[in-house]
Amino acid sequence: MIKVRSLFPILTSHPELVYLDSANTTLKSDLLLKALAKYYHHHLTNVGRSGTDWSTWVTKQYQLAHQDAGELVGAKSDNIIFTYSSTYAINMVRYGIQHTLHPGDIILLTLHEHNSNLLPWLALAKQTGTQVKYMEELPLSDLSRVKLFSYSLVSNLTGEVYDYHNLTTQIRKQGGLVLVDATQAVPHLDVNIDQLNCNILVYSAHKVYGMTGLGVLYIADDQIQSLTPMVYGSQTFSHIDRSDYELLSSAERFEPGTPNIEGALGLRVGLQLLKAFRHQEEALGEYFLDQLRQHQLDRFLIGSTDPTTRHVPIFSLAHPTVHPHDIAMLLESQQIIVRAGKSCADIPAQHLGEARGVIRASLGIYNTQQDIDRFITGYKQAINQLGG
């Protein structure tokens, strides 16, 4: 059996490292680095720009990356667009739908959104005169005015999984759009666009063992030509002359210029690793929660305590008297890396009464029970040392 840790150079270079921040970004494998080296050493060229063997190989790999990215969420490659990040993808949608919104329309969010699925919509509401409202507080009488429902499938603060199928069905039925931010979901769950009943979905390559700088945007067939592109350029048009142009009818209209080829190559490798090893995480997440309970640290967990609530292995702890940054510094001195703060989720942190932030520990395919044991020991030592 392959020892997954051995595939990640940073872990072999630092064998004592406990990396519990995969919800922030995942580590990069040797396989990814080798894929990039192969490109740089043997195939360095652009996509779709010539008929050379190099260009043919790179173009094929880039197309296969779209196929892999779509298969992860049950989508066809024709509906997949590569962007700079999932944040950028959301902003592409923000720009693309602005012409369809009017004063009195509602953009519906939830109180557990990452800032990147909040700020773009607040800005759009200011620009168009629409209203931002939150699902938890929406009167039923306002539902008919919802033009967009944008929500995170998994909370990046608590790891809770959300199911709004009845709501999305109603919104879709009345002609509204549903955008799912699956950034924290795809590393851990089987995600399917049909089951989610969404028009649009986004996620990030660097959360699934790929590189930073690549986001994935799924757009349903009936929306590809409805959304206005935010950026124009080469490779996006079917006709151009000195006074006019006609954009492609396909999703390629949203990918102008030279793409992030390295990011696409890295995504293919990352998704192969994810497919091979993701199944190990569920048992490890249960072990983490069991250890928190055994050491009476579960009282510091934030989020739902309902045993029927689904979770992915993202755990946030908030101590009532000890600041999370102080705990994180002491953990780092033991080579234990976690996230400290509000995890780019200011509104959820405030809503949960943790405005100063939390300690977030999140698992990846390379984590072990020993990592969890060291975190538990280190966390207890830190709060004791800090007077907690």
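Higher on the page you've got the structure.
Given the structure is predicted, the values throughout are model-derived calculations rather than measurements.

Scoring rules and cut-offs
Residues numbered from 1 in each chain as written. Predicted model: local features only at pLDDT ≥ 70, side-chain atom pairs only at ≥ 80, totals over all residues. Heavy atoms only, no water. Pairing = 2+ DSSP bridges. Helix = DSSP H or I, 4+ residues; strand = E, 2+ residues; numbered from the N terminus. Axes fitted to C-alpha atoms, helices over the stretch in contact; angles between N-to-C directions. Parallel < 35°, antiparallel > 145°, perpendicular 65-115°, else oblique. Left-handed = near helix turned anticlockwise from the far one by under 90°. Contact = heavy atoms within 4.5 Å. Nonpolar A, V, L, I, M, F, W, Y, C, P; charged D, E, K, R; others polar. Phe/Tyr/Trp six-rings, centres within 6.5 Å; stacked < 30°, edge-to-face > 60°. Buried < 20%, exposed > 50% of the residue type's maximum accessible area, 1.4 Å probe, protein only. Lys, Arg positive; Asp, Glu negative; His and termini not counted. Salt bridge = Lys/Arg side-chain N within 4 Å of Asp/Glu carboxyl O. Arc of directions from axis to C-beta.

**Thoughts on the sheet that holds strand E11 (residues 314-317)**
Stage number 1. Taking strand neighbours across the sheet as the criterion, the three strands line up as E11-E14-E13 in an open arrangement whose pairing is antiparallel. The open sheet is flanked by E11 and strand E13 (339-341), the only strands paired with a single partner. Mean inter-strand twist for the sheet, computed between neighbouring axes without regard to direction, equals 20 degrees.
Stage number 2. Inspection of the sheet shows E13 paired to strand E14 (residues 358-362) by three bridges, in the antiparallel sense. The partner of Arg339 across the bridge, within E14, is Arg360.

**Section: the packing of helix H11 (residues 324-332) against helix H13 (residues 369-385)**
Stage number 1. Following both chains from N to C, one finds H11 and H13 inclined at 125 degrees, their axes separated by 9 Å at the closest point. One finds that H11 runs oblique with respect to H13. Relative to H13, H11 is oriented so that their crossing is right-handed. Residues Ile327, Leu330 and Leu331 of H11 form the contact with H13, whose own contacting residues are Phe375, Gly378, Tyr379, Ala382, Ile383 and Gln385.
Stage number 2. Of the residues contributing to the contact of H11 with H13, the split by class is seven nonpolar, two polar and no charged.

**Thoughts on the packing of aromatic side chains**
To describe a pair of aromatic rings, one takes the distance between the centres and the angle between the planes.
Stage number 1. Using the criterion set out here, one finds 16 aromatic pairs in the structure.
Stage number 2. Geometrically, the ring pair formed by Tyr232 and Tyr245 is edge-to-face, given 6.1 Å between the ring centres and 70 degrees between the ring planes. Here Tyr232, found in the loop between helix H8 (221-224) and strand E9 (237-240), pairs with Tyr245, found in strand E10 (residues 245-247); they are 13 residues apart in sequence, far enough to count as distant.
Stage number 3. What makes Tyr232 partly exposed here is its relative accessible area of 44%.
Stage number 4. Residue Tyr245 is classed as partly exposed on the basis of its relative accessible area, which comes to 43%.
Stage number 5. Ring pairs connect the aromatic residues Phe288, Phe300, Phe315, Phe375 and Tyr379, which therefore count as one cluster.

**Some points on the side chain of Arg339**
Stage number 1. By the secondary structure assignment, Arg339 is in strand E13.
Stage number 2. For the buried Arg339, which has no salt bridge, the nearest side chain bearing the opposite charge is Asp21, at an N-O separation of 5.2 Å.

**Focus: unusual backbone geometry**
Stage number 1. At Asn197, a residue that is not glycine, the phi angle is positive and equals roughly 60 degrees.
Stage number 2. Relative to the helices and strands, Asn197 is located in the loop between helix H7 (193-196) and strand E7 (200-204).
Stage number 3. Owing to a relative accessible area of 19%, Asn197 belongs among the buried residues under this scheme.
Stage number 4. Positioned with a positive phi, Cys344 is a non-glycine residue whose angle comes to about 60 degrees.
Stage number 5. Within the secondary structure, Cys344 sits in the loop between E13 and helix H12 (346-351).

**Details of helix H5 (residues 119-128)**
Stage number 1. Along H5, the residues that are buried comprise Pro120, Trp121, Leu124, Ala125 and Thr128. Along the long axis of H5, the arc covered by the buried residues comes to 135 degrees, so they all point the same way. Residues of H5 that are exposed and point more than 90 degrees away from the buried face comprise Leu119 and Lys126.
Stage number 2. Packed against the buried residues of H5 are helix H4 (86-97), strand E3 (106-109), strand E4 (131-134), strand E5 (146-152) and strand E6 (177-181).
Stage number 3. Within two residues after H5, Gly129 carries a phi angle of roughly 80 degrees, on the positive side.

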